[in-house]
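# Observations on the model geometry
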Amino acid sequence: MQSIPPCPKCGMENTYPDGASYVCADCAHEWPIAAAVKAEPEDEGAARVVKDAHGTVLADGDAVILIKDLRLKGSSQTIKGGTKVRNIRLVDGDHELDCKVDGVGMMLKACFVKKAG
């Protein structure tokens, strides 16, 4: 028996097949069954490409500038737009950048930064 994959959008396992697609009962996301069977990546050693809000490729050690005010999750603090963040590190996951802002370690999404020039 083939197991039904979890939802790629919300990660919940409450999914079911419906015709030629899977449906998530939690977030109502639908995706084709054929997409659930992915081929292996051609090049396992390929470097991951992370781009900033303007499409510039970022690398480990770059400096970036926040393009908007960001509220810290679980806190009442806000990081102001225009704040420069030095020595970023690229990581896997939905938050691509690992960095320190004012001595506090945090993870940022690349869509909220631009490369400092």
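Residues numbered from 1 in each chain as written. Predicted model: local features only at pLDDT ≥ 70, side-chain atom pairs only at ≥ 80, totals over all residues. Heavy atoms only, no water.

### Some details on the nonpolar core
L58, I88, L97, C99, L108 and V113 are the most contacted members of the largest nonpolar core, which has 15 residues in total. If you list the elements that add at least two residues to this core, you get strand 6 (64-66), strand 11 (97-101) and strand 12 (104-108). At 3 residues, the largest contribution of residues to this core is made by strand 11. Sequence-distant contacts of L97, that is, excluding residues within four places in its chain, are made with V50, L58, I88, R89, L90, V91, M106, M107, L108, A110 and V113. (Core = buried A, V, L, I, M, F, W, Y, C linked by side-chain atoms within 4.5 Å. Buried < 20%, exposed > 50% of the residue type's maximum accessible area, 1.4 Å probe, protein only. Helix = DSSP H or I, 4+ residues; strand = E, 2+ residues; numbered from the N terminus. Contact = heavy atoms within 4.5 Å.)

### A few points about the side chain of D52
Mapped onto the secondary structure, D52 falls in the loop between strand 4 (50-51) and strand 5 (57-58). Despite its burial, D52 pairs with no opposite charge; the closest candidate is K115, at 7.7 Å N-O. Reaching out from D52, the side chain makes a polar contact with the backbone nitrogen of T56 at a distance of 2.7 Å. Once residues lying within four places of it in the same chain are set aside, the contact partners of D52 are L58, A110, V113, K114 and K115. (Lys, Arg positive; Asp, Glu negative; His and termini not counted. Salt bridge = Lys/Arg side-chain N within 4 Å of Asp/Glu carboxyl O. Polar contact = N/O pair within 3.5 Å; in protein donor to acceptor, adjacent residues only side chain to side chain.)

### As for the sheet that holds strand 12
With antiparallel pairing, the 3 strands of this open sheet are ordered in space as 10-11-12. Strands with a single pairing partner mark the edges of an open sheet, and in this sheet they are strand 10 (89-90) and strand 12. In this structure, strand 10 lies alongside strand 11, joined through 2 bridges in antiparallel fashion. What sits directly across from R89, in strand 11, is D98. (Pairing = 2+ DSSP bridges.)

### Examining the sheet that holds strand 3 (residues 30-32)
In spatial order, the strands read 1-2-3; together these 3 strands make up an open sheet with antiparallel pairing. Bordering the open sheet on either side are strand 1 (15-18) and strand 3, each of which pairs with just one other strand. Direction aside, neighbouring strands of the sheet carry axes that sit 30° apart on average. For strand 1 and strand 2 (residues 21-24), the ladder comprises 4 bridges, and the chain directions are antiparallel. Across the sheet, residue P17 finds its bridge partner in strand 2, namely Y22. (Axes fitted to C-alpha atoms, helices over the stretch in contact; angles between N-to-C directions.)

### Some points on the pattern of salt bridges
Counted under the stated rule, the structure contains 2 salt bridges. With a closest N to O distance of 3.5 Å, K115 and D62 form a salt bridge. Taken together, the positions of K115 in strand 13 (residues 113-115) and D62 in the loop between strand 5 and strand 6 put the pair 53 residues apart, joining distant regions of the chain. Since its relative accessible area comes to 35%, K115 is described here as partly exposed. Overall, the relative accessible area of 15% leaves D62 in the buried class. In this structure, R89 and D98 form a salt bridge, with 2.2 Å as the shortest nitrogen-oxygen distance.

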